[in-house]
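Spelled out from the first residue to the last, the chains are:
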Amino acid sequence: MNENQNSAGNAPAAAGTHGKGTGENPRERTYTITQLCREFGVTPRALRFYEQKGLLHPSRRGWTRIFSHKDRSRLKLILRGKKVGFTLAEIKEMLDLANIKDGQITQLKVASRKMHERLQALRQQRIELEEAIADLERTCRIIDGLLKERLQRQQRGDKT
């Protein structure tokens, strides 16, 4: 295995320091766009889009984007936020509050409020979804019963 591969042998090592096992600070580790795409299952286009929207802030080495430990952490939070239904604007707002020098109190307060609101919205959606499923199950039983009845009539030769 060469120095540009991880233990699985398929992804290149970090662009900067090589992280765990070297005795170096993992927070100083850097990542290429390819590494983050592989790790998180996203496309390079998505990472460039997040950069364009101000969610990620990679440094540059020529044309190459170099993502920091902080960028990797932010990407993880972006993807979690999207998964539960936050907009990119909401995610950016919460992430950007980390820059306020108040020990993250403002960020945590805003994140807590937004997450509780989103949790309530998801619970309401679950109720509505369960009602829709129950209604659709009832409708399927009715339709299947009508179909069965019509097929039986057809087999008997009824024209009704």
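Residues numbered from 1 in each chain as written. Predicted model: local features only at pLDDT ≥ 70, side-chain atom pairs only at ≥ 80, totals over all residues. Heavy atoms only, no water.

**Focus: the side chain of R74**
Put simply, the rule is: Only DSSP runs of H or I with at least four residues qualify as helices, and only runs of E with at least two residues qualify as strands; both kinds are numbered from the N terminus onward. Contacts described as polar in this section are N or O atom pairs within 3.5 Å, which, within protein, must combine one atom able to donate a hydrogen with one able to accept it, while residues neighboring in sequence count only if both atoms come from side chains. The criterion used for residue contact is that any of the two residues' heavy atoms lie within 4.5 Å.
Within the secondary structure layout, R74 lies in helix α3 (residues 69-83). Among the polar contacts made by the side chain of R74, one reaches the side chain of D96 at a distance of 3.4 Å. Those residues within four positions of R74 in sequence are excluded, and the remaining contacts are G54, L55, L56, H57, L95 and D96.

**Some thoughts on the layout of surface pockets**
Summary: where empty space remains is shown by rolling a probe the size of a single water molecule over the atoms. Condition: Only protein atoms enter the calculation, which uses a 1 Å grid: trapped sets of points that fit a 1.4 Å probe without letting it out are cavities, open sets showing protein on both sides within 12 Å along at least five of seven lines are pockets, and any residue with an atom within 4 Å of a point is a lining residue. Grid points are joined across faces, edges and corners, and a volume is the space filled by probe spheres set on the points. In the scheme used here, Gly and all other residues not listed as nonpolar or charged are polar, with Ala, Val, Leu, Ile, Met, Phe, Trp, Tyr, Cys and Pro taken as nonpolar and Asp, Glu, Lys and Arg as charged.
Within this model, the largest pocket holds a volume of roughly 370 Å³. In terms of lining residues, the largest pocket is bounded by 15 residues, among which L77, F86, M94, A111 and M115 are the most central. Every element with two or more residues in the lining of the largest pocket is listed here: α3, α4 (88-96) and α5 (105-156). Tallying contributions element by element places α5 first for the lining of the largest pocket, with seven residues. In terms of residue class, the lining of the largest pocket is built from eleven nonpolar, two polar and two charged.

**Topic: α4**
Inclusion rule: Throughout, exposure labels follow a simple rule: accessible area from a 1.4 Å probe, protein chains only, divided by the maximum for the residue type, with under 20% read as buried, over 50% as exposed, and the rest as partly exposed. By arc we mean the arc of the directions from the helix axis to the C-beta atoms, nothing more.
Those residues of α4 lying buried are I91, M94 and L95. Each buried residue of α4 sits inside an arc of 95° when the element is viewed along its axis, so together they form one side. Elements that come into contact with the buried residues of α4 comprise α3 and α5.

**Some remarks on unusual backbone geometry**
If you check the backbone angles, Q104 has positive phi at about 70° while not being a glycine. Following the sequence through the fold, Q104 ends up in the loop between α4 and α5.

**Details of the packing of α4 against α5**
To keep it simple, the criterion reads: Orientation is described by axes fitted as lines to C-alpha atoms, over the contacting stretch for helices, and by angles from 0 to 180 degrees between their N-to-C directions. By definition in this entry, angles of less than 35 degrees are roughly parallel, angles greater than 145 are roughly antiparallel, angles of 65 to 115 are roughly perpendicular, and the rest are oblique.
Packing of α4 against α5 brings their axes to within 8 Å, and their N-to-C directions diverge by 150°. It follows from the interaxial angle that α4 and α5 lie roughly antiparallel. Along the contact surface, α4 presents E90, E93, M94 and L95, while α5 presents Q107, V110, A111 and K114. When the residues that make up the contact of α4 with α5 are grouped by side-chain class, the tally is four nonpolar, one polar and three charged.

By themselves, these figures tell us nothing about what the structure is for.
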